[in-house]
Amino acid sequence: MDDVRWAVAGLDIGGTTINATVLDSGGRFLVEEMAESPSFVQEGPDKAIDAMARALDDVLELAGVPRSKIRAVGLDTPGPVSADGVLSSRGSTNFANPAWYGFDVRHALEVRAGLPVVFNNDANAAALYAHYAHFGAAAAGLRSSVSVIVGTGLGGGVVEAGRVVRGAAGMAGELGHIWIPMDGLLGPDQPVPVCNCGLPGDAESVASLTGIEKNLLPHWLAQFPGHELASQPAHVAAKLVRGYGEAGDPMALKIFEQQAIAIGRLLTIAANFTDPDVYLIGGGVVEAAPHFRDWFLDQVRAHTQLRDEQAERESIGLVPDLDMAGARGSAIAARAAIMAVGRPS
Ligand SMILES: [Zn+2]
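Parameters at a glance
- Residues numbered from 1 in each chain as written.
- Predicted model: local features only at pLDDT ≥ 70, side-chain atom pairs only at ≥ 80, totals over all residues.
- Heavy atoms only, no water.
- Helix = DSSP H or I, 4+ residues; strand = E, 2+ residues; numbered from the N terminus.
- Buried < 20%, exposed > 50% of the residue type's maximum accessible area, 1.4 Å probe, protein only.
- Contact = heavy atoms within 4.5 Å.
- Areas by Shrake-Rupley, 256 points an atom, 1.4 Å probe, with all protein chains shown as cover.
- Lys, Arg positive; Asp, Glu negative; His and termini not counted.
- Charge placed at Lys NZ, Arg CZ, Asp CG, Glu CD.
- Donors = N, O, S within 2.8 Å, 3.2 Å for Na, K, Ca; no water.
- Tetrahedral: all angles 85-135°; square planar, octahedral: opposite > 155°, others 65-115°.
- Phe/Tyr/Trp six-rings, centres within 6.5 Å; stacked < 30°, edge-to-face > 60°.
- Salt bridge = Lys/Arg side-chain N within 4 Å of Asp/Glu carboxyl O.
- Axes fitted to C-alpha atoms, helices over the stretch in contact; angles between N-to-C directions.
- Parallel < 35°, antiparallel > 145°, perpendicular 65-115°, else oblique.
- Left-handed = near helix turned anticlockwise from the far one by under 90°.
- Nonpolar A, V, L, I, M, F, W, Y, C, P; charged D, E, K, R; others polar.
- Expected span 1.5 Å × (residues − 1).
- Pairing = 2+ DSSP bridges.

Visitor: For this particular structure, what's the right way to read the overall build of the protein chain?
Guide: The helix and strand inventory of the protein chain stands at ten helices and ten strands. Taking the principal axes of its C-alpha atoms as reference, the protein chain extends roughly 65 × 50 × 35 Å. Counting across all 345 residues of the protein chain, residues that qualify as buried make up 52%. Here the contacts in the protein chain between residues at least 6 apart in sequence split such that 64% fall between residues at least 24 apart. Accessible area of the protein chain: about 15,400 Å², with a carbon and sulfur share of 53%. Seen as two clouds, the 25 positive and the 40 negative side-chain charges of the protein chain have centres 6 Å apart.

Quick look at the structure:
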């Protein structure tokens, strides 16, 4: 591509796959579809850093951009990880190989690729992409958003004036682990849900796949004796609940209603904390059939308490292209870092 002055790449590193993209200096993505390759993360840093370097070469070839035009690489991984890309000293679900404990993945790729590497955790990268996709590149720098992404856990990010709020220790925007009120959310005799992080009654303990498996499904199956899902192992049943919800199954609707209440209460906290221009919701539950997605978003709205001045604005949207959001958000962060160099702050 001769008309590309310069460009950046984005690499989203998952437990099994890397997704990669290229973004030009004008803010245009040069890869339309998914550019996936194996991440080899389970096999430790040596093989995984090799895989990242290879994914970078491959996506540049796919985009037709010579390496000499690349100014930086955006990188994301799942957490827990520090703001500048040092993995947790205690390991994590995806980086369980002990060679990863305390490993500086950002620095390792920087050395290997010979390019500056800009790091974000995967939820923050996805939130940044959602923000730019919602507002467009021209307005993104003037606007704020809070993104909530419901997956295995509850991830997300806070974007203020187009930049991710990282926090002093890199732990801002950990929306899943915000404590939310449980009264009026839980049914009679329903135990207070507990999160993997140890908190009872945080947002993720309800609004996540893990929350369904460990907390919501065991309770609601007991309220609906003879339900078909009772015959499935818990981790299988948890994944099937969404399909039942789409089909109008009363037990599944109870589960998703509780998730929507939890998210609405989380957004209510956000409304009083950063008062963003928009709330963006992503994950399986909003990638479901449109009638079910709309019902779910209506439930979230009904449980989000906004002031009149806030409610006048159309304020809940979707996180689009979630499977590409990490790579694209990482590239956006890298481009922003290059553009900020030399610019008076
Ligand atoms: Zn938690």
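Visitor: Would you mind going over the coordination of the zinc ion with me for this structure?
Guide: Ideal coordination angles are 109.5 degrees for a metal with four donors arranged tetrahedrally and 90 or 180 degrees for a metal with six donors arranged octahedrally. Taken together, H177 (ND1), C195 (SG), C197 (SG) and D202 (OD) make up the full set of protein donors to the zinc ion, lying 1.9 to 2.3 Å away. What the four donor atoms of the zinc ion show is an angle range of 104 to 116 degrees at the metal, which sorts the shape as tetrahedral.

Visitor: Just to check I follow, could you spell out the packing of aromatic side chains for this structure?
Guide: Aromatic ring pairs: the centre-centre distance and the angle between the two ring planes describe each pair. Per the stated rule, a full pass over the model turns up seven aromatic pairs. On the numbers, 6.2 Å between centres and 80 degrees between planes, the contact of F29 with Y129 is edge-to-face. One end of the pair, F29, is in the loop between β2 (17-24) and β3 (36-38); the other, Y129, is in helix α3 (residues 122-140), with 100 residues separating them in the sequence. Aromatic pair W220 and F224: ring centres 6.4 Å apart, planes at 50 degrees, arrangement tilted. What makes W220 buried here is its relative accessible area of 10%. When its relative accessible area of 25% is taken as the criterion, F224 is described as partly exposed. Among the aromatic side chains, those forming a connected cluster through ring pairs are F256, F292, W295 and F296.

Visitor: So what exactly am I meant to see when it comes to the pattern of salt bridges here?
Guide: Pairs can form between side chains of opposite charge whenever their charged atoms are close. Here the structure, examined in full by the defined rule, presents eight salt bridges. A salt bridge links D24 to R28; the shortest N-O distance between them is 3.0 Å. By relative accessible area, D24 is classed as buried at 6%. Overall, R28 belongs to the partly exposed group, its relative accessible area being 41%.

Visitor: What's the story with the packing of helix α1 (residues 45-63) against helix α2 (residues 105-113) in this structure? I'm lost.
Guide: How two helices sit against one another is set out by the angle between their axes and by the gap between those axes. Relative to each other, α1 and α2 sit at 55 degrees, their axes nearing to 10 Å. Considering the angle they form, α1 stands oblique to α2. Relative to α2, α1 is oriented so that their crossing is right-handed. Residues I49, D50, M52, A53 and L56 of α1 lie in contact with α2, whose contacting residues are V105, A108, L109, R112 and A113. In the contact of α1 with α2, the residues fall into eight nonpolar, no polar and two charged.

Visitor: What's the story with α1 in this structure? I'm lost.
Guide: With 19 residues, α1 should reach 27 Å at 1.5 Å per residue; the first-to-last C-alpha distance of 27 Å fits that figure. Inspection of α1 places P45, A48, I49, A51, M52, A53, A55, L56, V59, L60 and A63 among the buried residues, and these make up the whole buried set. On its buried face, α1 sits against β1 (7-13), β2, β3, β4 (70-77) and α2. G64 sits one or two positions beyond α1 and adopts a positive phi of about 70 degrees.

Visitor: What is the right way to look at the sheet that holds strand β6 (residues 145-150) in this model?
Guide: Working definition: the strands of a sheet are paired by backbone hydrogen bonds and lie parallel or antiparallel to each other. Spatially, β8-β7-β6-β9-β10 is the arrangement adopted by the five strands of the open sheet, whose pairing is mixed. Looking along the sheet, the strands with just one partner apiece sit at the ends: β8 (163-164) and β10 (316-318). In this sheet, strand β7 (residues 154-160) lies alongside β6 in antiparallel orientation, the contact comprising six bridges. Residue pairing for β7: V150 is matched across the bridge by L154. In the packing of helix α8 (residues 290-302) onto the sheet, the strands contacted are β9 (278-283) and β10, and the crossing angle to β10 comes to about 145 degrees.

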